Amino acid sequence: MHHAFEIADGEQGVELSRTPKGYRLHLDDTQAIDVVLRSETDGALRLSIDGRTIDAVIATRGDEVFIHLDGEVYQLRYRHPLERLAAQHQGGAADGIRAPMPGSVITVAVSVGDSVSRGQTLLMMESMKMETTLVAPRDGVVAAVNFAAGQSFDRDALLLSLEPVIA
(Lines give C-alpha, C1' and ligand atoms only; values in the text may rest on other atoms or scores of the structure.)
Protein backbone atom coordinates (compact mmCIF):
# COMPACT_ATOMS: atom_id res chain seq x y z
CA MET A 1 0.00 0.00 0.00
CA HIS A 2 1.39 3.41 -0.94
CA HIS A 3 1.51 6.20 1.64
CA ALA A 4 3.05 9.65 1.69
CA PHE A 5 4.20 11.68 4.66
CA GLU A 6 5.42 15.25 4.97
CA ILE A 7 8.64 15.29 6.93
CA ALA A 8 10.10 18.76 7.57
CA ASP A 9 9.61 20.56 4.22
CA GLY A 10 9.71 17.47 2.02
CA GLU A 11 7.45 14.61 1.14
CA GLN A 12 8.48 10.97 1.51
CA GLY A 13 6.52 8.31 -0.34
CA VAL A 14 6.64 4.81 1.10
CA GLU A 15 5.18 1.46 0.17
CA LEU A 16 4.16 -0.73 3.08
CA SER A 17 3.99 -4.52 2.95
CA ARG A 18 3.54 -7.20 5.62
CA THR A 19 6.24 -9.61 6.74
CA PRO A 20 5.87 -12.59 9.08
CA LYS A 21 7.15 -10.47 12.01
CA GLY A 22 5.89 -6.97 11.17
CA TYR A 23 6.13 -4.67 8.18
CA ARG A 24 8.58 -3.71 5.46
CA LEU A 25 8.88 -0.07 4.39
CA HIS A 26 9.99 0.36 0.79
CA LEU A 27 11.45 3.87 0.58
CA ASP A 28 12.45 3.68 -3.07
CA ASP A 29 13.28 1.03 -5.66
CA THR A 30 16.47 0.07 -3.82
CA GLN A 31 15.86 0.55 -0.09
CA ALA A 32 13.62 -1.56 2.16
CA ILE A 33 13.51 -1.46 5.97
CA ASP A 34 11.97 -4.12 8.23
CA VAL A 35 9.95 -2.56 11.07
CA VAL A 36 8.32 -4.16 14.13
CA LEU A 37 6.48 -2.09 16.77
CA ARG A 38 5.69 -3.82 20.07
CA SER A 39 3.78 -2.52 23.07
CA GLU A 40 5.38 -3.86 26.26
CA THR A 41 3.57 -4.66 29.51
CA ASP A 42 5.20 -1.63 31.17
CA GLY A 43 3.48 0.64 28.62
CA ALA A 44 6.67 1.31 26.66
CA LEU A 45 6.84 0.97 22.90
CA ARG A 46 9.75 -0.90 21.37
CA LEU A 47 10.52 -0.21 17.74
CA SER A 48 12.76 -2.60 15.85
CA ILE A 49 14.20 -1.18 12.67
CA ASP A 50 16.28 -3.64 10.64
CA GLY A 51 17.01 -5.61 13.83
CA ARG A 52 18.01 -2.60 16.00
CA THR A 53 15.54 -2.11 18.89
CA ILE A 54 14.93 1.31 20.42
CA ASP A 55 12.35 2.81 22.77
CA ALA A 56 9.75 4.96 21.07
CA VAL A 57 7.09 7.40 22.15
CA ILE A 58 4.39 8.04 19.59
CA ALA A 59 1.65 10.66 19.82
CA THR A 60 -0.89 11.72 17.23
CA ARG A 61 -2.92 14.85 16.61
CA GLY A 62 -5.21 14.45 13.63
CA ASP A 63 -3.02 13.64 10.62
CA GLU A 64 0.15 14.61 12.50
CA VAL A 65 2.33 11.98 14.15
CA PHE A 66 5.06 12.85 16.64
CA ILE A 67 7.73 10.19 17.15
CA HIS A 68 10.38 10.43 19.89
CA LEU A 69 13.39 8.19 19.07
CA ASP A 70 16.88 8.27 20.53
CA GLY A 71 16.42 11.73 22.04
CA GLU A 72 15.11 13.25 18.79
CA VAL A 73 11.51 14.19 17.98
CA TYR A 74 10.23 13.72 14.44
CA GLN A 75 7.01 15.23 13.18
CA LEU A 76 5.22 13.51 10.31
CA ARG A 77 2.03 14.53 8.59
CA TYR A 78 0.01 11.94 6.71
CA ARG A 79 -1.17 13.17 3.32
CA HIS A 80 -4.43 11.72 2.09
CA PRO A 81 -4.15 10.51 -1.54
CA LEU A 82 -6.85 12.97 -2.67
CA GLU A 83 -4.99 15.86 -1.05
CA ARG A 84 -1.79 14.77 -2.82
CA LEU A 85 -3.64 14.54 -6.13
CA ALA A 86 -5.02 18.05 -5.71
CA ALA A 87 -1.56 19.38 -4.80
CA GLN A 88 -0.05 17.79 -7.90
CA HIS A 89 -2.58 19.67 -10.03
CA GLN A 90 -2.17 23.24 -8.75
CA GLY A 91 -2.97 25.94 -11.31
CA GLY A 92 -4.08 25.70 -14.97
CA ALA A 93 -5.36 22.21 -15.67
CA ALA A 94 -4.80 21.71 -11.97
CA ASP A 95 -7.99 23.63 -11.39
CA GLY A 96 -9.72 20.41 -12.33
CA ILE A 97 -10.94 17.93 -9.75
CA ARG A 98 -10.00 14.54 -11.19
CA ALA A 99 -11.22 11.09 -10.25
CA PRO A 100 -8.69 9.30 -8.05
CA MET A 101 -10.17 5.95 -9.17
CA PRO A 102 -12.93 4.74 -11.50
CA GLY A 103 -16.42 4.95 -10.06
CA SER A 104 -19.76 6.69 -10.25
CA VAL A 105 -21.18 9.93 -8.88
CA ILE A 106 -23.58 9.57 -5.96
CA THR A 107 -24.37 13.27 -5.41
CA VAL A 108 -23.11 16.60 -6.67
CA ALA A 109 -23.17 19.29 -3.95
CA VAL A 110 -22.37 22.31 -6.14
CA SER A 111 -23.45 23.96 -9.37
CA VAL A 112 -21.66 26.03 -12.00
CA GLY A 113 -21.09 29.53 -10.62
CA ASP A 114 -21.08 28.51 -6.95
CA SER A 115 -18.32 29.94 -4.78
CA VAL A 116 -16.58 27.23 -2.76
CA SER A 117 -14.13 27.27 0.12
CA ARG A 118 -11.18 25.00 0.65
CA GLY A 119 -12.39 21.75 2.21
CA GLN A 120 -16.01 22.21 1.10
CA THR A 121 -17.72 19.09 -0.26
CA LEU A 122 -18.00 19.13 -4.05
CA LEU A 123 -19.34 15.65 -4.72
CA MET A 124 -19.69 12.15 -3.34
CA MET A 125 -18.50 9.25 -5.43
CA GLU A 126 -18.57 5.49 -5.08
CA SER A 127 -15.87 3.08 -6.13
CA MET A 128 -15.70 -0.60 -5.21
CA LYS A 129 -18.63 -0.13 -2.77
CA MET A 130 -16.68 2.57 -0.91
CA GLU A 131 -17.99 6.14 -0.74
CA THR A 132 -15.50 8.99 -1.06
CA THR A 133 -16.15 12.69 -0.59
CA LEU A 134 -14.20 14.98 -2.92
CA VAL A 135 -13.58 18.42 -1.47
CA ALA A 136 -12.34 21.71 -2.86
CA PRO A 137 -8.53 21.86 -2.67
CA ARG A 138 -8.73 25.67 -2.50
CA ASP A 139 -11.18 28.56 -2.60
CA GLY A 140 -12.69 29.10 -6.03
CA VAL A 141 -15.73 29.28 -8.24
CA VAL A 142 -17.18 26.18 -9.91
CA ALA A 143 -16.52 26.59 -13.64
CA ALA A 144 -17.86 23.21 -14.84
CA VAL A 145 -19.56 20.10 -13.50
CA ASN A 146 -18.89 17.28 -15.98
CA PHE A 147 -20.81 14.39 -14.40
CA ALA A 148 -24.26 14.09 -12.81
CA ALA A 149 -25.48 11.73 -10.12
CA GLY A 150 -25.58 8.16 -11.42
CA GLN A 151 -22.98 8.67 -14.15
CA SER A 152 -19.86 6.52 -14.23
CA PHE A 153 -16.32 7.67 -14.95
CA ASP A 154 -12.78 6.33 -15.39
CA ARG A 155 -9.76 7.06 -13.22
CA ASP A 156 -8.39 10.57 -13.83
CA ALA A 157 -11.65 11.77 -15.44
CA LEU A 158 -12.18 15.51 -15.04
CA LEU A 159 -15.16 15.65 -12.67
CA LEU A 160 -15.31 19.38 -11.89
CA SER A 161 -13.35 22.51 -12.74
CA LEU A 162 -12.63 25.48 -10.50
CA GLU A 163 -11.55 28.96 -11.41
CA PRO A 164 -9.97 31.53 -9.09
CA VAL A 165 -12.14 33.88 -7.04
CA ILE A 166 -11.87 37.33 -8.58
CA ALA A 167 -12.09 40.03 -5.95
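Check the entry above for the structure.
Throughout what follows, the structure given in this document is the object of discussion. Because the structure is predicted, anything quoted here is derived from the model rather than measured. (Residues numbered from 1 in each chain as written. Predicted model: local features only at pLDDT ≥ 70, side-chain atom pairs only at ≥ 80, totals over all residues. Heavy atoms only, no water.)

### A closer look at the pairing of strand β12 (residues 121-127)
Alright, step 1. The element β12 is extensively covered by neighbouring structure, given that 5 of its 7 residues are classed as buried.
Alright, step 2. As paired strands, strand β10 (residues 103-108) and β12 are joined by 4 bridges and run antiparallel to one another. Bridging from a neighbouring strand, V105 pairs with M125 of β12.
Alright, step 3. Of the pairings in the sheet, the one linking β12 to strand β13 (residues 130-135) comprises 6 bridges and is antiparallel in character. Opposite M124, over in β13, you have T133 as the bridge partner.
Alright, step 4. Here β12 folds back onto β13, and the loop between the two strands holds 2 residues, one of which, M128, carries a positive phi near 50°. (Buried < 20%, exposed > 50% of the residue type's maximum accessible area, 1.4 Å probe, protein only. Helix = DSSP H or I, 4+ residues; strand = E, 2+ residues; numbered from the N terminus. Pairing = 2+ DSSP bridges.)

### Brief notes about the nonpolar core
Alright, step 1. With 18 residues, the main nonpolar core has V116, L122, F153, L159 and L160 as its most contacted residues.
Alright, step 2. Elements with a minimum of two residues in this core: β12 and β16 (158-163).
Alright, step 3. Discounting residues that sit within four places of it in the chain, F153 has contacts with A99, M101, P102, G103, S104, V105, M125, F147 and L159.
Alright, step 4. Ranked by size, the runner-up nonpolar core spans 9 residues in total, among them I33, L47, I54 and L69. (Core = buried A, V, L, I, M, F, W, Y, C linked by side-chain atoms within 4.5 Å. Contact = heavy atoms within 4.5 Å.)

### Describing the sheet that holds β16
Alright, step 1. The antiparallel open sheet is built from 4 strands, whose spatial order is β9-β16-β14-β11. Sheet topology places β9 (96-98) and β11 (115-116) at the edges, where each strand pairs with a single neighbour.
Alright, step 2. Where strand β14 (residues 140-145) meets β16, 4 bridges bridge the pair, whose relative direction is antiparallel. The partner of V141 across the bridge, within β16, is E163.

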